[in-house]
Amino acid sequence: MSRNTNGGDQEARRPLLSGDHLGPTELDSDEGEVIFDRRASGITDEAGGSATKRLTYEEAVEQAGFGLFHWLLLVVCGWANASDAVEILCVSFLLPTARCDLLLSSSDMGLLTASIFLGMMVGGYMWGYLADQRGRRKVLVVSLTVNGLFGGLASMAPWFWLFLLLRFISGIGVGGSIPVIFSYFSEFMPRLRRGAMISALATFWMAGNILAAGLAWLVIPRTWAHFSLGTLDFQSWRLFVVLCSVPSISSAVLFKLLMPESPKFLMEAGREKEAILVFRQMFDLNMKGIEKDFPEFALRTNSKQQGEIEEIRSQDKKRTFPISVLKQGLLPIKQMFSGSVKARSFVLLIIFYCISFGYYGLWMWFPELFARVESSGGSPCANVSLPSPLNNQSCYPVKTAVYMEGFVIAASNLPGNIFTILIMDSTGGKTLLSCSLIMSSLSVFLIYMVQTKAQSLGLSCIFSGVSVIAWNALDVVGTELYPTQLRSSALGFFTGVGRVAAIMGNVAFGKMVDSNCTVPILLVSALLLTGGLMALLLPQTRQTELT
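Residues numbered from 1 in each chain as written. Predicted model: local features only at pLDDT ≥ 70, side-chain atom pairs only at ≥ 80, totals over all residues. Heavy atoms only, no water.

- As recorded in an unreviewed UniProt entry, the protein chain goes by Major facilitator superfamily (MFS) profile domain-containing protein and comes from Ameca splendens.
- Checking UniProt for the protein chain, the heading Subcellular location (unreviewed entry) contains the comment "Membrane". (UniProt positions renumbered as here; feature names shortened; annotations may be inferred.)

Written out as structure tokens, the structure reads:
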């Protein structure tokens, strides 16, 4: 990065302000950038005054610098990402005990773990489309609130069907926040730092995973959290569900109070003045403590893209309301599977399906599988005849080792996250995505082969550490493959596809875990291998500019 970004050598590298009088041009000797003094050169705007320098989006982001604002953004967006992880994974940790209170069979547990993914499938594309039309920040506030509110209410559900419904609605909220967070975050990032910073954002999923596992370990085995609330027997796992909803609600409050709208979205929406105000806010925080004035500039958008947007808007006004809403809502999908992005869209479709079926299908069942390992002492598939318990004696007292093992597996994400941050910008997301998916496939295959509890835990940790690299790489690649007006819609659509796969994976495990758990485990391995090979067909996006 240049000295200008870090605040050093300010006078020599200071951007040209409107009050500076130089010759017709001045050359920035470090980077070869020619800066025009419009008044000295006689270049004026239509009103006869001095014209302001017009910058592209990437140039404006560079002018805003890099510093405190971006670290604050990382913390707020990271906490939101962690809150989604907590809300998704909390169901897997409550299964070993909640199955007794809600009288769940293995098939019921499969439906319960699938319910939040069904909600995410419904919410993913809907929220992504709204984020591209109405703004990223508004959608994040609403979707995070829906997630936390209904997730918390589920703790009071006395019946399985009501618990299932409330988890589904909570999933609708999660489906909106996950894809929009990454679009929103990436649109504030300088091009040369984008890969590493998105990888850093993705590591907060690990933080959420560890938080969920830690809360389960601390809360669910405790008998003091058990009390009666009317006719409701409020067990410790219900308190765990309440605590898991707090991160989402707090994230919504942080976005509402602290965060601005994406400047890239504002530019594409024709709201130039608001975009410049956001760049000023970024500049003021990044240059805090440095005597440096905000440079005056205007913004230059892609005229072709702007023309397409205006044409779509004018056509929408001519249609009747139902037809307009339907066609406008489906337009991003049509654009994704046509033109220059058609091939990459089909490849991403397959990758999202494979990784989501494999990861969520196996991950959501880890606590239950380890509960069976505790009983059998060997392979998670060794005790296939274990019946689903429907009485409290088989669930209580809670086996603390199950949650300790879940915590260890969650913590094993850390090496993969650190590795991703360090080499993402130099290697590129495509290579990391392919290699990590192939290695994940191998680790799952070996889980099927193991014979001892220690081997099962070790290979599960390897799967956790390697698969997180694939998710981080997919987060980076996904944000860089599509233009601004399609980015959130595309990520929302593919997230929805992934949720279909996650539902199928969880239902498959629920149906087969008691009779033949070998089939779903080997199927997971095969799908992860397929995804890794398909990733080789994606274009390289390392340090590319956002369009």
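What follows picks up the thread again.
1. Points about the side chain of S356
Thinking step 1. Mapped onto the fold, S356 is located in helix α15 (residues 342–363).
Thinking step 2. According to the relative accessible area criterion, S356 is buried, its value standing at 1%.
Thinking step 3. Apart from the residues lying within four places of it in its own chain, the contact partners of S356 are G361, W471, G498, A501 and A502. (Helix = DSSP H or I, 4+ residues; strand = E, 2+ residues; numbered from the N terminus. Buried < 20%, exposed > 50% of the residue type's maximum accessible area, 1.4 Å probe, protein only. Contact = heavy atoms within 4.5 Å.)

2. Notes on the nonpolar core
Thinking step 1. Counting 141 residues, the largest nonpolar core has I88, F240, F255 and F279 as its most contacted members.
Thinking step 2. A total of 16 residues in this core trace back to one element, the largest contributor, which is helix α5 (residues 68–101).
Thinking step 3. Aside from chain neighbours lying at most four places away, what touches F255 is V76, C77, A80, R137, L140, V141, L144 and Y184. (Core = buried A, V, L, I, M, F, W, Y, C linked by side-chain atoms within 4.5 Å.)

3. Some thoughts on the packing of helix α17 (residues 400–411) against helix α20 (residues 453–480)
Thinking step 1. Here α17 crosses α20 at 35 degrees, and the two axes come no closer than 8 Å. Pair α17 / α20 crosses with right-handed handedness. Touching E405, V408 and I409 of α17 are K453, L457, S460, C461 and S464, all from α20.
Thinking step 2. Residue composition of the contact of α17 with α20, grouped by class: 4 nonpolar, 2 polar and 2 charged. (Axes fitted to C-alpha atoms, helices over the stretch in contact; angles between N-to-C directions. Left-handed = near helix turned anticlockwise from the far one by under 90°. Nonpolar A, V, L, I, M, F, W, Y, C, P; charged D, E, K, R; others polar.)

4. A few points about a nonpolar patch on the surface
Thinking step 1. Side chains of L72, L149, L153, I249, V253, L257 and L258 sit close together on the surface and give an oily, nonpolar patch of about 590 Å² of accessible area.
Thinking step 2. Residue assignment for the nonpolar patch shows that the elements contributing at least two residues are α7 (136–153) and α10 (236–258).
Thinking step 3. Broken down by element, the residue count for the nonpolar patch peaks at 4 residues, all from α10.
Thinking step 4. Tracing the chain through its elements places L257 in helix α10.
Thinking step 5. We classify L257 as exposed; its relative accessible area is 68%. (Patch = residues over 30% accessible without salt bridge, like charges linked within 9 Å, V, L, I, M, F, W, Y side chains within 5 Å. Areas by Shrake-Rupley, 256 points an atom, 1.4 Å probe, with all protein chains shown as cover. Salt bridge = Lys/Arg side-chain N within 4 Å of Asp/Glu carboxyl O.)

5. Looking at the pattern of salt bridges
Thinking step 1. Overall, the coordinates contain 5 salt bridges when judged by the stated rule.
Thinking step 2. With a closest N to O distance of 3.1 Å, E58 and R194 form a salt bridge. With E58 in helix α4 (residues 57–63) and R194 in helix α9 (residues 194–219), this residue pair connects regions lying 136 residues apart in the sequence.
Thinking step 3. Given the relative accessible area of 8%, E58 is considered buried.
Thinking step 4. Across the pair R271 and E274 runs a salt bridge, and its minimum N-O distance is 2.9 Å.
Thinking step 5. Residue class for R271 comes out partly exposed when judged on its relative accessible area of 30%.
Thinking step 6. Residue class for E274 comes out partly exposed when judged on its relative accessible area of 37%.

6. Examining the confidence of the model for the protein chain
Thinking step 1. For the protein chain, the mean per-residue pLDDT works out to 76, and 75% of the residues sit at or above 70.
Thinking step 2. Every residue in residues 1–50 scores below 50 in pLDDT, and together they form 74 contacts with partners more than four places removed in sequence or on other chains.
Thinking step 3. Segment residues 316–321 is flagged for pLDDT under 50; beyond a separation of four residues in sequence, or across chains, it makes 4 contacts in the model. (pLDDT = per-residue confidence, 0-100.)

7. Topic: the packing of aromatic side chains
Aromatic ring pairs are reported here in terms of the distance separating the ring centres and the angle at which the planes meet.
Thinking step 1. In total, this model carries 18 aromatic pairs according to the counting rule given.
Thinking step 2. Pairing F337 with F346 gives two aromatic rings, centres 4.9 Å apart and planes at 65 degrees, and the pair type is edge-to-face.
Thinking step 3. Counting every residue linked through ring pairs, the aromatic cluster contains F337, F346, F352, Y482, F493 and F494.
Thinking step 4. The residue whose ring lies beneath R193 is F66, and the NZ or CZ to ring-centre distance is 4.0 Å. (Phe/Tyr/Trp six-rings, centres within 6.5 Å; stacked < 30°, edge-to-face > 60°. Lys NZ or Arg CZ within 6 Å of the ring centre and 35° of its normal.)

8. A look at the packing of helix α6 (residues 106–134) against helix α8 (residues 160–186)
Thinking step 1. It is the contact of α6 with α8, at a shortest axis distance of 6 Å, that shows an interaxial angle of 40 degrees. Note that α6 runs across α8; the crossing there is right-handed.
Thinking step 2. Within the contact of α6 with α8, the residues separate by chemical class into 18 nonpolar, 9 polar and 2 charged.

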